[in-house]
Amino acid sequence: MVILRTENLTVRFGALTAVDRVNLEVQAGTVHSVIGPNGAGKTTLFNSIAGEVRPVSGRVFFLDRDITHLTVYQRAQLGIGRSFQRTNIFPNLTVFENVWLAAFARVRPSSLPAPVPRHRLSELKDRVYEVLGEVGLADRAGYRAAELSHGDQRLLEVAIALGLSPKVLMLDEPTAGLSPEETRLMMGVIKQLGRRYTILLIEHKIHLVMEVSETISVMHFGRIIAQGPPEEIRKNPAVQEAYLGRR
Amino acid sequence: MAKLRQRVGGFIPWAVLVILILVLPDLTRPTVATEVWVFAVLALAFNLLLGYTGLLSFGQATFFGTGAYTAGLLLIHQRVHPLAALAAAALAGGLVAAVIGYLCIRRIGLYFIMLTFAFNLMAYFIVYQASSITGGVDGLPGVPRPPVNLYVLTWDIRSGIAYYLFVSLIFLLCAIALKKVVDSPFGLVLQAIRENEARAAALGYNTAAFKRVAFIISGAFSGLAGALYGMLFGIVPIDTIYWVTSGNVVFMTLIGGTTSFFGPIVGAVFFIWLAETVSVRWERWPLIVGLVFVFVIFFFRGGFVEVWHRAYGLLARLTQRGQPKYGHSKD
Amino acid sequence: MDNLATTVAIQFFNGLVIGMIYALIGIGLTLILGLLDIPNFAHGALYALGAYLLLQLVGVTGSFWLGMLVAPVIVFTVSVILERFMIRPLYPAGSNYVLLFTFAVSVIVQELIIILWGPVGFSILPPQALAGSVDLGPFSYPRYHLFVMIASLAVILGLWLMLERTRYGAIMRAGIENKTMVSALGIDIYRLFTVGFGLGASLAALAGVLIAPIRGLMPYMGVDILPFAFVVVAVGGLGNVIGAIAAGLIIGVTQSLTTQFWPQGSTITIFGVMAIILLTRPQGLFGAR
């Protein structure tokens, strides 16, 4: 089942075409990676799917529903959970509160200050600890988010998106700025998550995604130049050309 | 054991507050003491926007003044029950905040500040021009203080000390209500918006709607404070809606400390003390406010509360009592 | 010329005079807004400071001309120092703190003015050479008022030339449009802020100097003028110098004419227009999207 789909999606910034007639299909229950050299348009593609950026033409479908004109928060309410390439957490709130906000949004994002029933609160608390456990941050739940190491903040970044119990988990370069050790840890977490969530992943280090992905889409200059299972991509000459001299 | 200490710890500021309420009339005139709690409500309402939501609104006087004039006019012309006047003032403040909030919230940063400022100016000039109703630049005199009739008892609040008790009671109720708001999930979402609005939206929160609701709550409590002010001196001066008052609220809230719930109360105490006590010795007391404010901006952004925390922490380290808690204080 | 037409003409001229003053203040404020991204709450106080320094200098030296030239220079120097050593360190803390600092400055300067010169207002006479009126045909008009118009025009023209025709002016305009680009070109953006702030402040001071013989000096003249400065900037477009000039003149003339014929509505109209523009056309009447 196709959970997320873009149709001829095009995003332009002035004279620059960042995303060029992209047709992307993400199958439910899979880990789908979008790779490409820096500047290929991957993050812009993400941003247009999440709603942060308006496309100049083309459409985005989520569960067969046209979401092209929905706002960021409306798309999040439908079940699109994304993490950011540059760590985008709530620095002065605790780790627990960071994830709690995501979990709570799932339950009642209405803007009225009505009280929340006790059983709901304890459900949320359980969910938060479950998510923190999945990324390995449960023991640091009481820390202020700003006090975490960069590696832990990247994990928190993912945890927040997870807290939404999203139908699609969109991860934008989760390993950005991580040491080799931390990268291995992160990819391990993602592999585990891949068993339970549909994941759309951006990475520019091609070797990282080979193991975890079922499908890989390769972007270059805003276009998708290759798409398929990892073995096919590995052998694809166009992909090799795009990456030669770029690393 | 830690839980108990947290519980007791959370109780301490309230205890201090109650003690202060009981002691204040002995330290200064009843009207000054009453004014402290009136502005404390206003500052708490303002901090809901600034400290918790991250919105620097430069027009708090719009709601304060609206509430003051609404209550004043109702009391003068309709002789309503004081509690009804308070309710009407809160309603009026909330309504005006709803309208202005709806118009201003969609703008960001700079434009938001200038818009709240612009609406404050407009409100001032409307009141100025409508002098047949509002008394214009001379203010609205003759605001009565009818007794508080509660069926079983009637409370005459005309004496200075009786009104002081009335206001401090209302203040406590307002403070408890606002504390409940900021401690609720709604309050946490507001803080998330302050910390990182884009991320809050990416989680599914309609951030504009949350901000509008915060604005309305703030406006309502500010209006209520305005009503209390009007009844305090028996006159509603046009200052209540003048933009300088908005600035004063900003001053006292920041000086007290925006990162703590109780900070603005400290700021209100400090400001009113300066305004009413120091002012008789030295008319140029605003200079002190300005200088303290600059000091706070540069060295103690968390205001007096931060000074307190740091001093306490230093003391604790010197006597080796234990680890003080840093970061955003939840007390 | 019949009475109504004369009245209108005189009020129109008065409107131009005050409009020029508004334009000067507005240009200064919009420059600071465009460069530093903050509404300078101290702008009114700097305007008042200019007027009071003029008073002091005239008292000390007896020369209006000297006072007129030196007062803005003093304010320029003081504000450059202020920006460099007190505002610049606040930039990393966020524009809210910079804004709040200017607000504190406005209060401090205001109180200092009262401390130094007292709580009572002053009047100051224009210099001998500019006293009296000029016969314009249908009516006669104060010479000093005409001087203010011409002097303001000259300054505004000079400023416009600087911004449009000199390299530094181009840098300044670029700094308003796109700060990251300017610093990427290797230009010291912080020094640009300092100069911009000083320039804006001295324009406010000049406005205070010029208006002093017409309106007199009052301790709270800064507080009173600030709202109008904000209106000018909002209507002209935040950061738009040409807009500030046009808006200043329009608002000055409007205010002058409505005060004569519809006093109750004048100020509300002005602030209402400000709110409407900020809401519907934030680039101002003259800005391009």
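Throughout this description, residue numbers start from 1 for each chain and increase along the sequence as written. Chain labels run from A onward and ligand labels from 1 onward, assigned in the order the entries are written. Given that this is a predicted model, residues contribute local features only at a pLDDT of at least 70 and side-chain atom pairs are listed and counted only at 80 or more, while totals for whole chains, interfaces and linings are drawn from all residues.

Participant: What is the right way to look at the overall build of chain A in this model?
Facilitator: Each helix is a run of H or I in the DSSP string that is no shorter than four residues. Each strand is a run of E no shorter than two, and both are numbered from the N terminus. What chain A contains, in helices and strands, is nine helices and 10 strands. A compact globule built from 247 residues would reach a C-alpha radius of gyration of about 18 Å, and chain A, at 18 Å, matches this within 12%. Burial is judged by counting other C-beta atoms within 10 Å of a residue's own C-beta: 20 or more means buried, 12 or fewer means exposed, and anything between counts as partly exposed, with every C-beta placed from the backbone. Across the 247 residues that make up chain A, the buried fraction comes to 45%. Relative to all contacts within chain A whose residues are 6 or more apart in sequence, the contacts with residues 24 or more apart total 67%. Taken over C-alpha atoms, the radius of gyration is set against a globule rule of 2.2 Å times the number of residues to the power 0.38. Any residue pair is listed as a contact if its two C-beta atoms, each placed from the backbone, are within 7 Å.

Participant: So what exactly am I meant to see when it comes to the overall build of chain B here?
Facilitator: Within chain B, the regular secondary structure consists of 13 helices and four strands. Compactness check: chain B gives a C-alpha radius of gyration of 20 Å against a globular reference of 20 Å for 331 residues, within 12% of the reference. Along the longest, intermediate and shortest principal axes, the C-alpha atoms of chain B span 60 × 50 × 45 Å. The 331 residues of chain B split such that 52% are buried. Excluding contacts between residues fewer than 6 apart, the proportion of contacts in chain B whose partners are at least 24 apart in sequence is 75%.

Participant: Can you walk me through helix α3 (residues 64-87) of chain C in this structure?
Facilitator: Side chains of residues three or four places apart in an α-helix project in the same direction, reflecting 3.6 residues per turn. Residues and elements named next belong to chain C. In this scheme, a helix's expected span is set at 1.5 Å multiplied by one less than its residue total. Compared with an ideal rise of 1.5 Å per residue, which puts 24 residues at 34 Å, α3 spans 32 Å between its outermost C-alpha atoms and is within 8% of the ideal. Three or more residues of α3 are buried, namely Phe-64, Gly-67, Ala-71, Pro-72, Val-75, Phe-76, Ser-79, Leu-82, Glu-83 and Ile-87. Contacts from the buried residues of α3 go to α2 (43-61), α4 (95-117) and α8 (189-215).

Participant: Help me out: how do you make sense of the interface of chain B and chain C in this one?
Facilitator: A common way to state how big an interface is: give the accessible area lost once the parts meet. Across the contact, 27 residues belong to chain B and 27 residues belong to chain C. For the side of chain B that touches chain C, the elements supplying multiple residues, two or more each, are α5 (109-129), α10 (243-256) and α12 (285-299) of chain B. The leading source of residues in the side of chain B that touches chain C is α5 of chain B, at 13 residues. Residue classes follow a fixed rule: Ala, Val, Leu, Ile, Met, Phe, Trp, Tyr, Cys and Pro count as nonpolar, while Asp, Glu, Lys and Arg count as charged, and any other residue, Gly among them, counts as polar. Partitioned by chemical class, the residues of the side of chain B that touches chain C number 23 nonpolar, three polar and one charged.

Participant: What's the story with the sheet that holds strand β2 (residues 16-27) of chain A in this structure? I'm lost.
Facilitator: Within a sheet, adjacent strands bond to each other through the backbone by hydrogen bonds, running parallel or antiparallel. All names here are of chain A. Only strands that DSSP links by at least two bridges are regarded as paired with each other. As summarised here, the arrangement of the four strands in space is β2-β1-β4-β5, forming an open sheet in which the pairing is antiparallel. For this open sheet the edge positions go to β2 and β5 (65-66), each flanked by a neighbour on one side alone. Pairing analysis gives two bridges linking strand β4 (residues 57-62) to β5, with the strands arranged antiparallel. What sits directly across from Phe-61, in β5, is Asp-66.

Participant: Quick question: what am I supposed to make of unusual backbone geometry here?
Facilitator: Apart from glycine, the bulk of residues carry a negative phi angle, and the bulk of peptide bonds sit in the trans form. All names here are of chain A. A positive phi angle, near 50°, is found at Asn-8, a position not held by glycine. Along the chain, Asn-8 falls in strand β1 (residues 2-13). A positive phi angle is found at Arg-21, which is not glycine, with a value near 45°. Examined against the element boundaries, Arg-21 turns out to sit in strand β2.

Participant: Teacher, can you tell me more about helix α9 (residues 207-233) of chain B here?
Facilitator: Here α9 of chain B contains 27 residues, and its C-alpha end-to-end distance of 40 Å stays within 8% of the 39 Å for a straight helix at 1.5 Å per residue. One or two positions beyond α9 of chain B, positive phi appears at Gly-234 of chain B, with a value near 75°.

Participant: Even after reading the chapter, I still don't get the environment of Gly-41 of chain A, so can you show me in this structure?
Facilitator: Residues and elements named next belong to chain A. If you trace the backbone, Gly-41 turns up in the loop between β3 (31-35) and α1 (42-50). For the pair Gly-41 and Ile-224, spaced 183 residues apart in the sequence, the C-alpha separation amounts to 9.8 Å. The residues touching Gly-41, leaving out its near neighbours within four places in the chain, are Ala-18, Val-19, Met-219 and Gly-222.

Participant: Looking at this structure, I do not really get the packing of helix α8 (residues 185-202) of chain B against α9 of chain B. What am I missing?
Facilitator: Helix-helix packing is described using two parameters, namely the angle between the two axes and the distance between the axes. All names here are of chain B. Note on definitions: angles span 0 to 180 degrees between N-to-C directions of axes, and those axes are lines fitted to C-alpha atoms, for helices only across the stretch in contact. Running from N to C, α8 and α9 point in directions that differ by 160°, and their axes come no closer than 10 Å. It follows that α8 is roughly antiparallel to α9 by the angle criterion. At the point where α8 passes α9, the crossing takes the left-handed sense. Contacts from Val-189, Leu-190, Ile-193, Glu-197, Ala-200 and Ala-201 of α8 reach α9 at Thr-207, Phe-210, Lys-211 and Ala-214. Of the residues that constitute the contact of α8 with α9, the class distribution is seven nonpolar, one polar and two charged. Orientation is classified from the angle alone, with under 35 degrees giving roughly parallel, over 145 giving roughly antiparallel, 65 to 115 giving roughly perpendicular, and any other angle giving oblique. Helix crossings are classified by the rotation of the near helix relative to the far one: an anticlockwise turn of less than a right angle makes the crossing left-handed, while a clockwise turn makes it right-handed.

Participant: Just checking my understanding: could you explain the sheet that holds strand β6 (residues 80-82) of chain A for this structure?
Facilitator: All names here are of chain A. A sheet is described by the order of its strands in space; here six strands give the open sequence β6-β7-β8-β3-β9-β10, paired in mixed fashion. Looking at strand neighbours, the two that pair on one side only are β6 and β10 (223-228), the edges of this open sheet. Taking the axes of each pair of neighbouring strands and ignoring which way they run, one obtains an average angle of 20° across the sheet. The pairing of β3 with strand β8 (residues 198-203) spans five bridges and is parallel. Residue pairing across strands places Ser-33 opposite Leu-201, the latter belonging to β8.

Participant: Whenever I open this one, the interface of chain B and chain A confuses me. Can you help?
Facilitator: Between chain B and chain A, the contact holds 24 residues from the first and 25 residues from the second. Put simply, the parts of the chain that give the side of chain B that touches chain A at least two residues each are α8 and α9 of chain B.

Participant: Just to check I follow, could you spell out the packing of helix α1 (residues 3-36) of chain C against helix α10 (residues 241-261) of chain C for this structure?
Facilitator: In contact at an axis separation of 6 Å, α1 of chain C and α10 of chain C are set at 145° when each is read in the N-to-C sense. Helix-helix and strand crossings are classified by hand; for α1 of chain C and α10 of chain C the assignment is right-handed.

Participant: Whenever I open this one, the confidence of the model for chain B confuses me. Can you help?
Facilitator: The predicted structure's coordinates, where accompanied by low pLDDT, should not be read in detail. Residue and element names in this part refer to chain B. What pLDDT reports is the predictor's confidence in each residue, on a scale of 0 through 100. On average, chain B scores 89 in pLDDT, and the residues at 70 or more come to 94%. Confidence scores differ between elements of chain B, with helix α1 (residues 2-27) showing the lowest mean pLDDT of 82 and α9 the highest of 96. Across residues 322-331, where pLDDT falls below 50, the model places 16 contacts with residues more than four positions away in sequence or in other chains. Here the prediction assigns the complex a pTM of 0.89, and the interface score ipTM is 0.88.

Participant: Please explain the environment of Leu-318 of chain B as it appears in this structure.
Facilitator: Tracing the sequence through the fold places Leu-318 of chain B in helix α13 (residues 303-318). Separated by 255 residues in the primary sequence, Leu-318 of chain B and Phe-63 of chain B have C-alpha atoms spaced 46 Å apart.

Participant: Looking at this structure, how should I read the pairing of β3 of chain A?
Facilitator: Look at any regular strand and the pattern is simple: side chains alternate between the two faces of the sheet. Residues and elements named next belong to chain A. Most of β3 sits out of view: five of its five residues are buried. Side chains Val-31, Ser-33 and Ile-35 of β3 all project onto a buried face; the interleaved residues His-32 and Val-34 project onto the opposite face, where all are buried too. Where β3 lies against strand β9 (residues 215-220), four bridges are found, and the strand directions are parallel. Bridging across to β9, Val-34 finds its partner in Ser-217.

Participant: Before we go on, may I ask you to explain the pairing of β8 of chain A in this structure?
Facilitator: All names here are of chain A. Among the six residues of β8, six are classified as buried, and the element is accordingly described as predominantly covered. Residues of β8 alternate between two faces, with Thr-198, Leu-200 and Ile-202 on one and Ile-199, Leu-201 and Glu-203 on the opposite face, all of them buried. Looking down the strands as they point away from you, a crossover is right-handed if its path from the first strand over the helix to the second goes clockwise. Between strand β7 (residues 168-172) and its parallel partner β8, the chain crosses via helix α6 (residues 180-194), and the hand of that crossover is right-handed.

Participant: I would appreciate a short explanation of the environment of Val-167 of chain B in the present structure.
Facilitator: As for its position among the elements, Val-167 of chain B is in helix α7 (residues 160-183). Separated by 134 residues in sequence, Val-167 of chain B and Ala-33 of chain B place their C-alpha atoms 9.7 Å apart.

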